[in-house]
Amino acid sequence: DSGVTQTPKHLITATGQRVTLRCSPRSGDLSVYWYQQSLDQGLQFLIQYYNGEERAKGNILERFSAQQFPDLHSELNLSSLELGDSALYFCASSAQTGGNSPLHFGNGTRLTVT
Amino acid sequence: AQSVTQLDSQVPVFEEAPVELRCNYSSSVSVYLFWYVQYPNQGLQLLLKYLSGSTLVESINGFEAEFNKSQTSFHLRKPSVHISDTAEYFCAVSPSGGYQKVTFGTGTKLQVIP
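Thresholds applied
- Residues numbered from 1 in each chain as written.
- Chains lettered and ligands numbered in written order.
- Predicted model: local features only at pLDDT ≥ 70, side-chain atom pairs only at ≥ 80, totals over all residues.
- Heavy atoms only, no water.
- Helix = DSSP H or I, 4+ residues; strand = E, 2+ residues; numbered from the N terminus.
- Rg over C-alpha atoms; globule rule 2.2 N^0.38 Å.
- Buried < 20%, exposed > 50% of the residue type's maximum accessible area, 1.4 Å probe, protein only.
- Contact = heavy atoms within 4.5 Å.
- Areas by Shrake-Rupley, 256 points an atom, 1.4 Å probe, with all protein chains shown as cover.
- Lys, Arg positive; Asp, Glu negative; His and termini not counted.
- Charge placed at Lys NZ, Arg CZ, Asp CG, Glu CD.
- Pairing = 2+ DSSP bridges.
- Axes fitted to C-alpha atoms, helices over the stretch in contact; angles between N-to-C directions.
- Buried area = accessible area lost by both parts, 1.4 Å probe.
- Salt bridge = Lys/Arg side-chain N within 4 Å of Asp/Glu carboxyl O.
- Polar contact = N/O pair within 3.5 Å; in protein donor to acceptor, adjacent residues only side chain to side chain.
- Nonpolar A, V, L, I, M, F, W, Y, C, P; charged D, E, K, R; others polar.

> How do you make sense of the overall build of chain A when you look at a structure like this?
Within chain A, the regular secondary structure consists of zero helices and eleven strands. Reading chain A from its N end, one meets helices and strands in the order β-β-β-β-β-β-β-β-β-β-β. In terms of overall dimensions, chain A is globule-like: its C-alpha atoms have a radius of gyration of 13 Å, near the 13 Å expected for 114 residues. The buried share of chain A, reckoned over its 114 residues, is 53%. Of the contacts made within chain A by residues no fewer than 6 positions apart, 55% connect residues no fewer than 24 positions apart. In the form shown here, chain A has an accessible surface area of approximately 5,300 Å², with 45% of it arising from carbon and sulfur atoms. When the 8 basic and 10 acidic side-chain charges of chain A are each reduced to a single mean position, those positions are 3 Å apart.

> Hey, could you run me through the sheet that holds strand 1 (residues 5–7) of chain A in this one?
By definition, the strands of a sheet pair up through backbone hydrogen bonds, in either a parallel or an antiparallel sense. Residue and element names in this part refer to chain A. Pairing is antiparallel in the open sheet, where four strands are placed in the order 1-3-8-7. On the outer flanks of this sheet lie strand 1 and strand 7 (64–68), each paired with one strand and no other. Each adjacent strand pair in this sheet contributes to an overall mean axis angle of 15 degrees, direction not counted. Note that strand 7 and strand 8 (residues 74–78) share five bridges and pair antiparallel.

> Just to check I follow, could you spell out the interface of chain A and chain B for this structure?
It is common to report an interface's size as the accessible area lost on association of the parts. Facing 20 residues of chain A, the contacting portion of chain B comprises 19 residues. A combined buried area of about 1,700 Å² lies between chain A and chain B, and 55% of that area is made up of carbon and sulfur atoms. For the pair chain A and chain B, the number of links is zero salt bridges. Our count for the chain A to chain B interface comes out at three residue pairs in polar contact (both at pLDDT 80 or more). Broken down by secondary-structure element, the contributors of at least two residues to the side of chain A that touches chain B are strand 4 (31–38), strand 5 (42–50), strand 6 (53–57) and strand 9 (87–94) of chain A. With three residues, the top contributor of residues to the side of chain A that touches chain B is strand 4 of chain A. Among the residues making up the side of chain A that touches chain B, the classes are represented as eight nonpolar, eleven polar and one charged.

> Sorry if this is basic, but what is going on with the pairing of strand 12 (residues 108–113) of chain B here?
The side chains of a regular strand alternate, first on one face of the sheet and then on the other. Residues and elements named next belong to chain B. Alternating residues of strand 12 divide into Thr108, Leu110 and Val112, all buried, and Lys109, Gln111 and Ile113, none buried. In this structure, strand 2 (residues 10–14) lies alongside strand 12, joined through five bridges in parallel fashion. Note on strand 12: the bridge partner recorded for valine 13 is valine 112. One ladder, built from three bridges, connects strand 10 (residues 87–95) with strand 12; its direction is antiparallel. Across the sheet, residue tyrosine 89 finds its bridge partner in strand 12, namely threonine 108.

Following this line, the structure appears as structure tokens:
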């Protein structure tokens, strides 16, 4: 058990809809990362937060947004969903923002857009 | 910018045989290197890491990886694989300074054949 909790585990929704994915980081970790994993794109970094502030942005679409709350949990909002957004979305956390701090991953949220 | 190349998308190997999963990276700065493992329906877990010091690093379950700076490689090896090693393995690189921006390879699926 990594200590990172993601909810829900599965999400099925229709095109054009909006969903929110939730992540609780490992106790004591201040950094939260969001990744998208799909068969054709592999593991893609979306965005990183540290102690409530955005620190790095990756290949995140404008339809997607995220935030980290004062209690350090994070939410990823996906709107105007398209079929191509179907993927596994992972949250990870780490103690620091430095490159030597390993990432601890949750078990992911599987999003299916129909 | 940095990149990670895992040339082999799938590696089948018989149980108790040795295996090597290849990883090459490219970076203009010094890096930290990681191997993560993903078992079915789970998130990624840290397998081993190279931060500094000895170029040969080991995991608790018999895997080892050697950092080769001249060849910009960090290949993962195990002298004798077990059925339970069947999983997908991801090589990752992170710059040694500044904020953590982890770049993952596309993954190698290790299939251990009984």
